[in-house]
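Observations on the model geometry
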Amino acid sequence: GYDLWLRYRALPAAQKTALAAAATGIAAPDDTPTVRAAAAELKRGLAGMLGRAPDAIPANAKVRAGTIVLARATLPAGLADADAVRRDLASVGSEGYVVRRTRQDGVPVTLIAANSDIGLLYGSFAWLRQLQLGTAPDGIALADKPALPLRVLNHWDNLDRTVERGYAGESIWNWWELPNIIDPRYTDYARANASLGINGSVLNNVNAKAEVLSPAFIAKAAAIANVLRPYGIRVYLSVRWSTPLELKETKTADPLDPAVAAWWARKADEIYRTIPDFGGFLVKANSEGQPGPQDYGRNHADGANMLARALAPHKGIVMWRAFVYSPPAHPNQVSDRAAQAYDQFKPLDGKFDKNVLVQVKNGAIDFQPREPAHPLFGAMPDTPLVMEFQVTKEYLGFATHLVYLGSLFQETLRFDTRAGNQPMTVARVLEGAQDGRVGGIAGVANIGSSRNWTGSTFDQANWYAYGRLAWNPDLDSRAIAREWAGQTFAPDARVVDPVVAMMMRSREAVVDYMTPLGLHHMMGTGHHYGPAPWVDDLARADWNPVYYHRADKNGIGFDRTAKGSNAVAQYAPEVARRFADPATTPPEFLLWFHHLPWDYRMPDGRTLWTDLVAHYDHGVAEVAAMQAEWQRLRPFVDARRFDDVAQRLAQQQREAAWWRDACIAYFQHQSGLPLPAGVRAPA
Ligand code: GCW
């Protein structure tokens with residue numbers, strides 16, 4: 001599993017012959033580390049697929065038939081359709097690429113052209129992807145560019161190499177040995193990310209330690225940056241608000257204190273001396289015990305802008321997280337947590353400096369198996385927003401359960417916020433369609449030092465899908481699954497079809513056996529793994545599952561309408577109207593927005609209680625179906641990966657039943673209703 005989707009396995013004989021004729025040599029400007037990385041990847045990929053790497057064609061030599069020509073900005077003389085290529089190049093921007101079969105000096109060549117070095121690397125990876133999927137070289141014609149300028153991974157990696165919510169072993173960053181010992185794995189990490197177009201990496205946990213800004217750690221980060229740089233990946237750091245105070249270099253961390261601002265400006269200068277292309281800071285402030293500007297009576301904009309001014313002279317940015325929930329005045333008088341980020345950030349719209357982006361978590365509660373899109377999307381027209389997805393599966397069965405997140409990401413990106421009473425998906429908001437403020441996308445990484453990087457084979461697909469959607473949020477999650485399966489296993493319909501079928505049903509399955517019909521936050525305290533809908537004794541009321549499902553003998557669900565917390569009013573009027581009425585609320589969000597009696601009639605005529613039980617049952621049945629599908633793949637998958645996946649699916653089967661049985665038993669205890677006779681799975 002180490003090779004991820006960059007396996008470059010030998011092609012079948014007929015395809016090999018066609019590719020051999022189309023890959024006789026590489027003509028590339030040998031002048032920058034990025035172009036050299038592109039040429040090296042082409043050689044590696046072709047050596048794997050063909051059994052022989054193409055030679056390098058020296059700069060002034062004549063191209064021969066089958067040359068792969070890498071052209072940056074200026075096209076080579078003698079190119080057959082130079083005008084068409086120029087037109088394409090004009091539309092792919094500074095990171096895009098054009099790939100096509102054409103002729104140079106009368107002989108057939110493959111042209112990979114771009115306006116920049118990184119475009120050449122991305123184009124090379126795109127071409128290799130098509131080849132791995134079995135596309136004939138003659139049939140490949142690509143012109144593409146990323147939709148968002150900021151496509152980053154957030155590592156929640158601690159400086160002691162533990163990883164918060166990480167299920168794939170220790171951190172890949174070997175902080176002990178850096179900066180002088182460089183694990184070759186860092187280069188493979190960069191290759192995998194560049195193959196998707198990921199262009200930023202926040203190296204450390206948002207629950208940050210002051211030490212990360214000490215000279216020793218800056219040097220370690222610089223060593224990583226040196227490896228990632230040729231692959232177009234900038235390094236960022238998560239910073240702790242109180243750093244200067246904790247290092248005893250200032251007397252306060254008040255953002256309006258000039259000594260504090262001066263400290264951060266000096267720190268930024270120091271960082272940029274060693275990492276000239278440093279990306280900037282990610283900040284979790286005044287959230288879950290992390291210090292922040294509110295400790296000094298200042299708001300989030302005061303804090304973010306102070307840091308932004310330290311970074312601005314170096315063109316650095318601040319990604320300021322909106323994942324906040326206010327401490328309650330009294331433990332039992334909490335307001336709806338789902339509404340708190342909006343309440344704090346909406347009034348600050350337009351108050352942030354230009355180089356601040358507000359990073360909004362996918363889901364106003366917390367990365368649940370399903371949440372409606374966060375109401376801040378569409379509500380902050382004067383602030384660029386970053387979508388924060390969780391690629392690691394904190395609430396979705398860790399690396400044990402097979403859950404393909406492409407479907408989850410797609411659902412959120414396509415959520416129509418109706419901002420301005422017009423179609424305005426979350427993806428369009430990120431792209432700046434609302435008011436020209438272009439944001440970005442961040443994924444909490446699922447990467448660790450485990451041999452297969454992500455703890456399980458299928459979790460590699462979540463890294464892959466995140467990266468592909470970061471490049472183009474409109475891609476179809478099923479098409480992405482097909483790409484991944486073709487490269488990871490084999491581009492053979494007998495493999496791809498069943499693998500993709502498993503992936504595509506997996507997200508709905510986990511929703512069904514964990515938190516169907518809009519239920520949320522019912523996971524065990526702390527670890528967030530198994531079921532615990534009964535927990536009611538935690539320090540804060542809004543940490544307790546009972547606070548969210550509110551099940552008793554009369555009904556179940558969280559009322560977020562005007563009769564309840566009225567969080568629904570945070571959505572644009574059209575969306576708010578739809579969610580305010582149970583009859584027009586999509587069933588998958590029903591209990592997110594409504595508290596309903598157990599005998600509430602669902603659209604299919606069954607009672608809510610019967611339907612709820614049926615969903616739990618269906619989730620378990622879906623895992624059984626996934627297991628059966630996998631068994632049929634035995635002849636096509638190597639024994640090692642086959643057995644590993646099979647064991648995980650068997651465990652998922654047991655745990656899906658555990659979730660169902662625990663939740664139904666608990667809710668039955670609350671409702672006092674008999675188990676519905678002969679419940680059938682929902683259609
Ligand atoms: O989902 C919760 C996690 C915490 C995490 C926090 C956050 C990094 O349980 O582990 O802390 O969110 O996103 O800040």
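Residues numbered from 1 in each chain as written. Predicted model: local features only at pLDDT ≥ 70, side-chain atom pairs only at ≥ 80, totals over all residues.

Naming follows an unreviewed UniProt entry, where the protein appears as Xylan alpha-1,2-glucuronidase of Massilia cellulosiltytica. Looking at the Sequence similarities (unreviewed entry) heading of the UniProt record, one finds this comment for the protein: "Belongs to the glycosyl hydrolase 67 family." UniProt, in its Subunit (unreviewed entry) section for the protein, records the words "Homodimer." (UniProt positions renumbered as here; feature names shortened; annotations may be inferred.)

Before going further, it helps to spend a moment on the site of the ligand. Lining the immediate environment of the ligand, one finds W156, E164, R165, V206, N207, K284, E288, F323, D366, F367 and E394. For the shell around the ligand, a count of residues per class yields 4 nonpolar, 1 polar and 6 charged. (Near = placed C-beta within 6 Å. Nonpolar A, V, L, I, M, F, W, Y, C, P; charged D, E, K, R; others polar.)

This next bit is on the packing of helix 6 (residues 215-228) against helix 8 (residues 258-274). At their nearest, the axes of helix 6 and helix 8 sit 9 Å apart, and the two run at 40° to each other. Taken together, the axis directions place helix 6 and helix 8 in an arrangement best described as oblique. Considering the relative orientation of helix 6 and helix 8, their crossing is right-handed. Along its contact with helix 6, which presents I218, A219 and A222, the element helix 8 presents E270, I271 and T274. Of the residues assigned to the contact of helix 6 with helix 8, the class counts are 4 nonpolar, 1 polar and 1 charged. (Axes fitted to C-alpha atoms, helices over the stretch in contact; angles between N-to-C directions. Helix = DSSP H or I, 4+ residues; strand = E, 2+ residues; numbered from the N terminus. Parallel < 35°, antiparallel > 145°, perpendicular 65-115°, else oblique. Left-handed = near helix turned anticlockwise from the far one by under 90°. Contact = placed C-beta atoms within 7 Å.)

The strands that make up a sheet pair up through hydrogen bonds in the backbone, lying either parallel or antiparallel. As summarised here, the arrangement of the 8 strands in space is 7-8-9-10-11-12-13-14, forming a closed barrel in which the pairing is parallel. Between one strand and the next, the sheet's axes are offset by a mean angle of 25°, whatever the strand orientation. The pairing of strand 13 (residues 385-390) with strand 14 (residues 440-444) spans 5 bridges and is classified as parallel. Opposite M387, over in strand 14, you have I441 as the bridge partner. Contacts from helix 9 (residues 300-311) reach strand 10 (280-283), strand 11 (317-321) and strand 12 (356-361), with the element oriented near 160° to strand 11. (Pairing = 2+ DSSP bridges.)

Looking at the assigned domains, one finds that the protein contains domain 1 (13-144), domain 2 (150-488) and domain 3 (513-558 + 595-671). Taken over C-alpha atoms, the centre of domain 1 sits 34 Å from the centre of domain 2. Contact residues are listed per partner, giving 11 residues for domain 1 and 10 residues for domain 2. Secondary-structure elements contributing two or more residues to the side of domain 1 that touches domain 2 are helix 2 (33-50) and helix 4 (117-132). Broken down by element, the side of domain 1 that touches domain 2 gets its largest block of residues, 6 residues, from helix 4. Each residue belonging to the side of domain 1 that touches domain 2 can be placed in one class, and the counts come to 7 nonpolar, 2 polar and 2 charged. (Domains from an automatic or database assignment.)

The next thing to look at is the UniProt feature "domain: Glycosyl hydrolase family 67 C-terminal" (unreviewed entry) in the protein. The UniProt feature table records "domain: Glycosyl hydrolase family 67 C-terminal" (unreviewed entry) at residues 454-678. Annotation note: span residues 454-678, helix share 55%, strand share 2%, distance between end C-alpha atoms 40 Å.

Moving on, we come to the UniProt feature "domain: Alpha glucuronidase N-terminal" (unreviewed entry) in the protein. The UniProt record marks residues 4-127 with the feature "domain: Alpha glucuronidase N-terminal" (unreviewed entry), using the residue numbering of this structure. The distance separating the terminal C-alpha atoms of residues 4-127 is 17 Å; by composition the span is 39% helix and 22% strand.

Ranked by size, the top nonpolar core spans 210 residues in total, and within it V318 and L385 carry the most contacts. V318 has contacts with G280, F281, V283, A304, L307, A308, L311, N355 and V356, leaving out every residue within four places of it along the chain. (Core = buried A, V, L, I, M, F, W, Y, C linked by C-beta atoms within 7 Å. Buried ≥ 20, exposed ≤ 12 C-beta atoms within 10 Å, placed from the backbone.)

Strand order across the open sheet formed by 6 strands is 2-1-3-5-4-6, with mixed pairing between neighbours. Both outer strands of the open sheet, strand 2 (55-56) and strand 6 (141-144), are each paired with one neighbouring strand and no more. Looking at chain direction, strand 1 (residues 25-27) and strand 3 (residues 67-72) are connected through 3 bridges and run parallel. Paired with A27 across the two strands is V69, which belongs to strand 3. Taken strand by strand, helix 4 contacts strand 3, strand 4 (97-104), strand 5 (107-114) and strand 6, and its axis lies near 75° from that of strand 4.

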